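Fold and geometry: a report
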Amino acid sequence: MKIAIYSTKYYEREYLDLYNKAAKHQLTYFEIPLNTETVATVKDFDAVCIQLTDKLDTNVIHQLAKAGVKYIALRSAGYDNVDVETAAKHKMKVLRIPAYSPEAIAEHAVALILTLNRKTHKAYNRVRENNFLLQNLMGFNLFGKTIGVVGTGKIGTAFCNIMLGFGCKVIATDLMESKELKDKGVQYVSFDTLLGQSDIISVHCPLNSKTKYLFNSAAFSKVKKGVMLINTSRGAILNTVDVIQALKKAQLGYLGIDVYEGEEQLFFKDLSNVVVLDDQIERLMSFNNVLITPHQAFFTKEALHAIARITIENFNSFEDSEVTKNQVAFTLPKSL
Ligand code: NAD
């Protein structure tokens with residue numbers, strides 16, 4: 001099968017080629033994203049394989065259908081960048097990667113906590129300049145602290161397990177409670193109770209209309225003063241303007257984020273030689289208790305192996321007649 005792979009990053013190719021050795025699909029790599037401006041590059045392909053940075057809106061899907069594309073494979077779990085309804089109208093099969101390595105993201109959330117708390121990033125720089133003072137490096141024990149987990153799905157569960165191992169009290173909020181976690185001692189509470197009791201809050205729910213700006217000024221007015229907030233989920237779950245205010249008032253004592261509302265314009269790019277016009281991220285970076293990483297939580301060898309392996313498995317299942325577990329199901333109304 002001929003497949004056009006868009007938004008290819010340098011680190012992805014070797015893993016995709018490795019898993020494609022046996023499958024022998026004809027893969028063509030494009031570094032550009034697939035969107036309205038670039039859709040004309042899709043010529044003579046059975047399928048397109050995309051990332052979250054590609055935008056397959058109604059127009060792009062129509063163009064793809066005209067070009068003879070029958071399948072769409074996402075190299076991500078989320079698929080909010082694909083108009084699945086229009087894809088279904090064109091009888092296009094859409095496949096995704098529901099889970100690749102929840103531990104990779106959970107472990108990165110813990111890395112943010114430990115770095116912010118024990119200030120190893122500051123110690124590293126300081127010691128390299130022969131400054132061996134302990135001033136301002138004091139942290140706190142995680143043992144015995146209360147950790148609030150928002151969303152106990154695959155990543156949230158992996159995160160809870162790690163924090164239980166540190167000897168923390170873990171409380172959580174989710175639309176569905178996990179028996180496995182409850183049996184291990186995780187207590188489900190309301191969102192407001194979680195805000196009021198947690199020393200550290202880690203966000204692991206998806207971004208949707210209910211969770212957009214879940215962390216706003218109202219939420220920050222209910223937290224323990226000086227709480228640590230970690231977000232490895234999606235940027236817009238936090239209202240950045242309110243976050244900045246909460247940091248200024250010291251309601252938020254620490255902030256660790258791997259995702260940012262305006263990250264599309266910034267992340268995965270080297271902007272070290274240009275003027276960054278996003279004032280909010282510049283303000284965030286000016287706080288000494290804020291740690292930002294560039295959407296790297298997924299970036300482990302194990303996760304890249306899993307993403308490539310499942311992507312090729314998805315290519316192999318394109319022509320299966322039954323609905324596969326990775327297929328994005330969309331049922332068109334009967335009238336259509
Ligand atoms: P998942 O679907 O397994 O779990 C999400 C959980 O959130 C579910 O249990 C769901 O019931 C719960 N939830 C939904 N709405 C909620 C709400 N309003 N309040 C509390 N809980 C709510 O997803 P996952 O695989 O654990 O991934 C979680 C998120 O992590 C993804 O949506 C994605 O945004 C993010 N993610 C980030 C990276 C990264 O590299 N930074 C990589 C992968 C995923």
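Just so we're clear, the structure is a prediction, and the values are computed from it rather than from any experiment. (Residues numbered from 1 in each chain as written. Predicted model: local features only at pLDDT ≥ 70, side-chain atom pairs only at ≥ 80, totals over all residues. Heavy atoms only, no water.)

Let us now look at the overall build of the protein. Each helix and strand in the protein was counted, giving 12 helices and 12 strands. Computed over its C-alpha atoms, the radius of gyration of the protein comes to 22 Å, within 12% of the 20 Å expected for a compact globule of 336 residues. In terms of overall dimensions, the protein has C-alpha extents of about 65 × 50 × 35 Å along its principal axes. Within the span of the protein, comprising 336 residues, buried residues form 49% of the whole. For the protein, long-range pairs separated by at least 24 residues make up 67% of all intrachain contacts whose partners lie at least 6 apart in sequence. Split by element, the accessible area of the protein, about 17400 Å² in all, is 53% carbon and sulfur. Charged side chains in the protein number 39 positive and 35 negative. The centres of these two groups are separated by 4 Å. (Helix = DSSP H or I, 4+ residues; strand = E, 2+ residues; numbered from the N terminus. Rg over C-alpha atoms; globule rule 2.2 N^0.38 Å. Buried < 20%, exposed > 50% of the residue type's maximum accessible area, 1.4 Å probe, protein only. Contact = heavy atoms within 4.5 Å. Areas by Shrake-Rupley, 256 points an atom, 1.4 Å probe, with all protein chains shown as cover. Lys, Arg positive; Asp, Glu negative; His and termini not counted. Charge placed at Lys NZ, Arg CZ, Asp CG, Glu CD.)

Attention shifts here to the packing of aromatic side chains. In this structure the tally under the stated criterion is 10 aromatic pairs. Taking the centre distance of 4.6 Å and the plane angle of 0° together, the rings of Tyr 6 and Phe 30 count as stacked. Taken as a pair, Tyr 6 in the loop between strand S1 (2-5) and helix H1 (13-23) and Phe 30 in the loop between strand S2 (26-29) and strand S3 (47-50) lie far apart in primary sequence, 24 residues in all. Among the residues examined, Phe 30 registers a relative accessible area of 17% and is labelled buried. Taking 6.3 Å as the distance between ring centres and 40° as the angle between the ring planes, the aromatic pair formed by Phe 215 and Phe 220 counts as tilted. On the basis of relative accessible area, Phe 220 is assigned to the buried category, the value being 4%. Every member of this aromatic cluster is reached through a ring pair, and the members are Tyr 10, Tyr 11, Phe 298 and Phe 299. Over the face of the ring belonging to Phe 268 we find Lys 9, whose NZ or CZ atom lies 5.3 Å from the ring centre. One cation-aromatic arrangement involves Lys 212 over Tyr 213; the distance from NZ or CZ to the ring centre is 5.0 Å. (Phe/Tyr/Trp six-rings, centres within 6.5 Å; stacked < 30°, edge-to-face > 60°. Lys NZ or Arg CZ within 6 Å of the ring centre and 35° of its normal.)

So, on to the state of the cysteines. What the rule picks out here adds up to zero disulfides. Here Cys 160 stays unpaired: no disulfide links it, and the sulfur of Cys 168, its closest cysteine neighbor, is 11 Å away. Cys 160 gets classed as buried once you look at its relative accessible area, which sits at 0%. (Disulfide = S-S within 2.5 Å.)

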